[in-house]
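# Reading the structure
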Amino acid sequence: LGKIVARVSDDQFIFFFPGMTEEEAPAKCMELKEQILGKLRKIYVNQSNPAFGYCVVNDGETIERLRGRAMFAKSLAKLERTLYHAYDEKAAIELTNTVLLLDEFDRTLERSGVEVWYQPKYDIHGKCIGGAEALARWRAKDGQIISPGRFVPLLEERGKIAALDEYVFTKVCLQQKKWIEEGLPVVPVSVNISRGSLLTSDIVHRYQQILESTGIDQSCIYLEITEDSVHADVVKIIKAFRQEGFHMLMDDFGRGSSNLANLRRDLFHGVKFDKSLIDLISSQVEETVLRSTMQMVQSMGMQITAEGVELQEQVDFLESLGCDEIQGYFYYRPMKADAFARLLESRYRS
Ligand code: C2E
Ligand code: MG
Ligand code: MG
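Here's a quick rundown of the structure. Owing to the predicted nature of the structure, the values given are computational and were not obtained by experimental measurement. Within every chain, residues take consecutive numbers counted from 1 along the sequence as written. The lettering of chains begins at A and the numbering of ligands begins at 1, in the order of writing. Given that this is a predicted model, residues contribute local features only at a pLDDT of at least 70 and side-chain atom pairs are listed and counted only at 80 or more, while totals for whole chains, interfaces and linings are drawn from all residues. For side-chain calculations, the full set of non-hydrogen atoms in the structure is used, while hydrogens and water are omitted.

### Re the coordination of the magnesium ion (ligand 3)
- As a rule, N, O and S atoms within 2.8 Å of a metal are its donors, except that Na, K and Ca use 3.2 Å; water is not among the atoms, so sites may look incomplete. Of the protein atoms, only Asp251 (OD), Asp252 (OD), Glu307 (OE) and Glu307 (OE) coordinate the magnesium ion (ligand 3), at distances of 2.0 to 2.5 Å.
- In the primary structure, the donors to the magnesium ion (ligand 3) are separated according to the pattern D-D-x54-E.
- In this structure the magnesium ion (ligand 2) is found 4.0 Å away from the magnesium ion (ligand 3), and Asp251 serves as a bridging donor for the pair. With respect to burial, Asp251 and Asp252 carry one shared label: buried. Summary of the burial criterion: residues with accessible area below 20% of their type's maximum are buried, those above 50% are exposed, and those between are partly exposed, where the area comes from a 1.4 Å probe applied to protein chains only.

### Looking at the packing of helix α3 (residues 89-110) against helix α4 (residues 148-157)
- Look at α3 against α4: their axes get within 11 Å of each other, and the N-to-C directions meet at 100°. Judged by the inter-axis angle, α3 sits roughly perpendicular to α4. Note on element contacts: α4 touches α3 through Arg150, Phe151, Leu154 and Leu155, opposite Thr98, Leu101, Leu102 and Phe105. The convention used is that axes are lines fitted to C-alpha atoms, helices contributing only their stretch in contact, and that angles between N-to-C directions extend from 0 to 180 degrees. Strands here are runs of E lasting at least two residues and helices are runs of H or I lasting at least four, both read from the DSSP assignment and numbered beginning at the N terminus. Roughly parallel covers angles under 35 degrees, roughly antiparallel covers those over 145, roughly perpendicular covers 65 to 115, and oblique covers all other angles. Here a residue-residue contact requires only that any non-hydrogen atoms of the pair lie within 4.5 Å.

### Comments concerning the layout of surface pockets
- A cavity, in this analysis, means grid points on a 1 Å lattice covering only the protein atoms where a 1.4 Å probe fits yet has no way out; a pocket is instead an open set bounded by protein on both sides within 12 Å along at least five of seven lines, and a residue lines either one if it has an atom within 4 Å of a point. Grid points are joined across faces, edges and corners, and a volume is the space filled by probe spheres set on the points. What the largest pocket holds in volume is close to 1,200 Å³.
- If you go around the largest pocket, you meet 44 residues; those closest to its centre are Leu135, Asn192, Asp251, Asp252 and Arg255.
- Elements supplying a minimum of two residues to the lining of the largest pocket: β6 (128-139), α4, α5 (161-181), α6 (195-198), β9 (221-226) and β10 (247-253).
- Think of it as three bins: nonpolar holds Ala, Val, Leu, Ile, Met, Phe, Trp, Tyr, Cys and Pro, charged holds Asp, Glu, Lys and Arg, and polar takes everything else, Gly as well. In terms of residue class, the lining of the largest pocket is made up of 13 nonpolar, 16 polar and 15 charged.

### What to know about the coordination of the magnesium ion (ligand 2)
- Those protein atoms acting as donors to the magnesium ion (ligand 2) are Glu133 (OE), Asn192 (OD1), Glu224 (OE) and Asp251 (OD), and they sit at 2.0 to 2.2 Å.
- Read in sequence order, the donor residues coordinating the magnesium ion (ligand 2) give the pattern E-x58-N-x31-E-x26-D.
- Classification of Asn192 by relative accessible area gives partly exposed; the value is 25%.

### Let's talk about unusual backbone geometry
- Of note in this structure, Arg81 is not a glycine but carries a positive phi near 50°.
- Mapped onto the fold, Arg81 is located in the loop between α2 (63-79) and β4 (84-86).
- Here Asp252, not a glycine, exhibits a phi torsion of approximately 55°, which is positive.
- Relative to the helices and strands, Asp252 is located in strand β10.
- Overall, the relative accessible area of 12% leaves Asp252 in the buried class.

### Considering the site of ligand 1
- Distances are taken per atom, and a residue is near a molecule or strand as soon as one of its heavy atoms is within 4 Å of it. Taken together, 24 residues lie around ligand 1, and Glu133, Asp165, Ser194, Glu310 and Tyr329 are the ones closest in.
- At 2.9 Å, a side-chain N or O of Asp251 approaches an oxygen atom of ligand 1.
- Only the protein chains shown count as cover for residues, and the accessible areas themselves come from Shrake-Rupley with a 1.4 Å probe. Considering ligand 1 on its own, with 810 Å² of exposed area, one finds that the protein chains cover 83% of that surface.
- Counting only elements with at least two residues in the shell around ligand 1, the list comes to β6, α4, α5 and β10.
- Considering only residue class, the shell around ligand 1 consists of 10 nonpolar, 5 polar and 9 charged. Distance and chemistry together define a polar contact, namely a pair of N or O atoms within 3.5 Å, with one atom able to donate a hydrogen and the other to accept it when in protein, and with adjacent residues in sequence counting only for side-chain atoms on both sides.

### Section: the packing of aromatic side chains
- Note on aromatic pairs: the rings of Phe, Tyr and Trp (six-membered ring only in Trp) are paired at centre separations within 6.5 Å, and the planes decide the class, stacked below 30 degrees, edge-to-face beyond 60, tilted for the rest. Applying the stated criterion across every chain yields a total of 18 aromatic pairs.
- Of the aromatic side chains, those joined through ring pairs into one cluster are Phe13, Phe15, Phe17, Phe52 and Tyr54.
- Arg333 extends its terminal NZ or CZ atom over the ring of Tyr329, reaching a point 3.9 Å from the ring centre. For a Lys NZ or an Arg CZ to count as sitting over a ring, it must be within 6 Å of the ring centre and within 35 degrees of the ring normal.

### Regarding the sheet that holds strand β1 (residues 4-9)
- Any two strands between which DSSP finds at least two bridges are classified as paired. Taken together, 4 strands build an open sheet; the order of strands is β1-β2-β3-β4 and the sheet is mixed. Either end of the sheet is taken by a strand with one partner, and the two such strands are β1 and β4. Direction aside, neighbouring strands of the sheet carry axes that sit 20° apart on average.
- Summarising the sheet, strand β3 (residues 51-57) and β4 pair through 3 bridges and their orientation is parallel. Residue Phe52 lies in a different strand from β4, and its bridge partner there is Tyr84.
- Along the sheet face, helix α1 (residues 25-43) touches β1, β2 (12-18), β3 and β4 and points at about 145° away from the line of β2.
- Set on the sheet, α2 makes contact with β1, β2, β3 and β4; between it and β3 the angle comes to about 145°.

Spatial relationships are all this shows, so hold off on functional conclusions.
Put into structure tokens, the structure is as follows:
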């Protein structure tokens, strides 16, 4: 059986196995890897970070294509820290799709093609719209709307979320300014800030500058930070935002493994209870958990917003507990900016 071994650079190698099956190849790769490692140890003492990628060779394949496969396999070995890796067609397709998607997203963002929608928050005490959350919506070339559930985690994973967050923040500032000028009774709009954004340098200063350049007040924009973003390294940044006068909300409380230590009055003005907690309503035992958690948050002097409220019985229960705001399909779904403006206007007139 044949084999071709190529050294890509220092301690990086790719193998090609002509005439071999996928089942036979791993053993051959192991054998070659051990031989090469033995030699490498003599050359690079402790400083070696080798990687091996391999693929089988079928008739009719071009050299370029095979090289691409073996190199991709080597990248997987590095990425997964497995020392060696076979070419994986499924992983290659996934990666290509991700790269294409992110590339397309970059271009959409550049031409300001990402829309900002608004989901009103219903103020239980005042029985009116008390605020709204700004939510990104990506309109694809075919006109279809792609929900953030698809692209936000990808942007976060690839370290590209800060551009979206700043874009949405800027758009909301400009929109609020426009609505104020038009005489609309504006309400505070909250924007989401991912952990990746919080960790970019100078974020507080940049956001402050954007706000100042649009000439609106901090009271028009709230900031939402998910509970799982809150680690020691961002506490200082949250405090700095507060010092600048921003109203801070903890988002998605109760979604993951809730850490009660994160419920800090010195960091957050309000807490948004995640849909997964709201969905507990109507089960006796779990209602008790929700009731006591809400009481605790209230006793700390923080406001409560319930997210993902869809049913009358949930509204009744939350109202009986003195919850402050409701954000959910029961009252309003996310809507385009002009629809939200019309809603504000109609409420003002009525
Ligand atoms: P989130 O910040 O917790 O936003 C609330 C999500 O719950 C929204 O989903 C909203 O449409 C959905 N929702 C509201 N009420 C209901 C309801 O009654 N039932 C159900 N089933 N869902 C409801 P959306 O717009 O798909 O956003 C998903 C997540 O994407 C957001 O969760 C947020 O984490 C993230 N996201 C959206 N826009 C941005 C952004 O500009 N930056 C960042 N970093 N994340 C964003
Ligand atoms: Mg949110
Ligand atoms: Mg949420």
